[in-house]
Protein chains: 2
Amino acid sequence: MNPTIDLLLRHRSVRAFTDAPVPRAHIEAAVRAGQAASTSSAVQAYCVIHVTDPATREALVPLTGGQRKVADCAAFFVVCGDVRRHRLICEDAGVEYDARLEAFLVAAVDASLFAQNAVVAFESLGYGICYVGGLRNELADVDRLLELPDGVYPLYGLCVGVPAEEPSERPRLPLPSVLFEDRYPSDDTVRAELAAYDATYRDYMEARSGKRRDWTGSMWRKFSRPARDRLAAYYASKGADFG
Amino acid sequence: MNPTIDLLLRHRSVRAFTDAPVPRAHIEAAVRAGQAASTSSAVQAYCVIHVTDPATREALVPLTGGQRKVADCAAFFVVCGDVRRHRLICEDAGVEYDARLEAFLVAAVDASLFAQNAVVAFESLGYGICYVGGLRNELADVDRLLELPDGVYPLYGLCVGVPAEEPSERPRLPLPSVLFEDRYPSDDTVRAELAAYDATYRDYMEARSGKRRDWTGSMWRKFSRPARDRLAAYYASKGADFG
């Protein structure tokens, strides 16, 4: 429809990168583009840590489920919700910082609008990216490694580099499964659309891995196991409140 | 640096719109661009409700703090984290859905990567947008109005339309306040940067409203008051778990 939309539609998560570095000027351009995103009441509740130390990068590999790309990609970032500034400001003003789920949620949302804009900027410069949710596997260890202070909530990693692979497109849910007019659809409508999506997804998985796997099968296997059950305790230890 | 980055940097939240409609083809293009964003393990934990009914739009104005633009903008959306599909799939597979903070956080992040891509697509088509965090003011009432089922977590609204104003740029934190190399800075470094930012911000606020207001002053006033303290109870009532 236009070059920007074409760029967004061309996005694939890239997991293999060449040795080409990401110049500082490109990192700054992406971060500035990230900062240009909307932020709730200008609170700007995020920060990003560019992890350049090779030993730290290597130590992050086992902490993210053995993802070699965390050490091998040209540039690796840890995207964080950040309410530390607000807490310092309250302290200096002699008032109590009122944490709540609202503050944590705003930090997660603000950080993600920031990160996605930065990602689009990186991709517009020819880089490939991959978000690393595996950063949440062992957050207490990541925290010690990066010496994060209170009020900083690491959310996910971000690998950036020149792509050394051209992944195929993973099919998304059909549009009518995510865009609704006025009302959420009935369970039967949802189920019928998921069955159609499963057929598309099986073909994709067969082409990618030789295994005909359903999306719905992947989902119930994923969501019937406890996932990262120390997450809330970790964030609470950094000052978050979910009440 | 390139036309896409220029577009990202040109973003301003727009709060006044002309009567020009947003054609369905543009909405679909933006949603497809949103879906092309990364999603944690392909879970696609989001949906978006296009609110077209004029009475519903009008009813949302008092529920979002009296924001007329919610009724007046050309197109209004409610962006939601959505784990309902996953819950239905688990139910049909005869397994228990394991909610946790992880599942809620993934929904908030997935929805926000989706929304920001959709926003960039809308802006690339010449529209202006404004996120409406005020949607979280009275979520139980919004929920009843939209008849949202369990597993759907409304996060924020989104106004879209052809801009009828050209807002000036609200200055962001200086780059060294959000981009760090390897280590989070000391409190003294943070404080020094905030003082410099306050000077910039005061000039901006004076030009915009005639009042020289600090960013730090806005922040401690904001964060020393309880904010949306029924949020966690509302999301829990829809099936979210923060443990």
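Residues numbered from 1 in each chain as written. Chains lettered and ligands numbered in written order. Predicted model: local features only at pLDDT ≥ 70, side-chain atom pairs only at ≥ 80, totals over all residues.

Chemist: Would you explain the interface of chain B and chain A in this entry?
Modeler: How big an interface is tends to be stated in terms of accessible area lost as the parts join. Contacts between chain B and chain A engage 96 residues on the former and 96 residues on the latter. The element best represented in the side of chain B that touches chain A is helix α6 (residues 101–124) of chain B, accounting for 13 residues. Both strand β1 (residues 46–51) of chain A and strand β5 (residues 179–181) of chain B contribute to a ladder of three bridges, which runs parallel. Bridging across to β5 of chain B, His-50 of chain A finds its partner in Glu-181 of chain B. (Contact = placed C-beta atoms within 7 Å. Helix = DSSP H or I, 4+ residues; strand = E, 2+ residues; numbered from the N terminus. Pairing = 2+ DSSP bridges.)

Chemist: Explanation requested: the relation of the copies chain B and chain A in the structure shown.
Modeler: In the superposition of chain B on chain A (RMSD 0.0 Å, axial shift 0.0 Å), the rotation amounts to 180°. Those values place the two copies in the arrangement expected of a two-fold rotation axis. Mapped onto chain A, 100% of the interface residues of chain B are again interface residues, and the two copies thus contact each other with one and the same surface. (Least-squares fit on C-alpha atoms with pLDDT ≥ 70 in both.)

Chemist: What is the right way to look at the pairing of strand β3 (residues 128–132) of chain B in this model?
Modeler: Regular strands place their side chains on alternate faces of the sheet. Residues and elements named next belong to chain B. Summarising burial for β3: five of the five residues are buried, a large majority. Residues Gly-128, Cys-130 and Val-132 of β3 are buried on one face, and the alternating residues Ile-129 and Tyr-131, pointing to the opposite face, are buried as well. With five bridges joining them, β3 and strand β4 (residues 152–161) adopt antiparallel strand pairing. The partner of Cys-130 across the bridge, within β4, is Cys-159. (Buried ≥ 20, exposed ≤ 12 C-beta atoms within 10 Å, placed from the backbone.)

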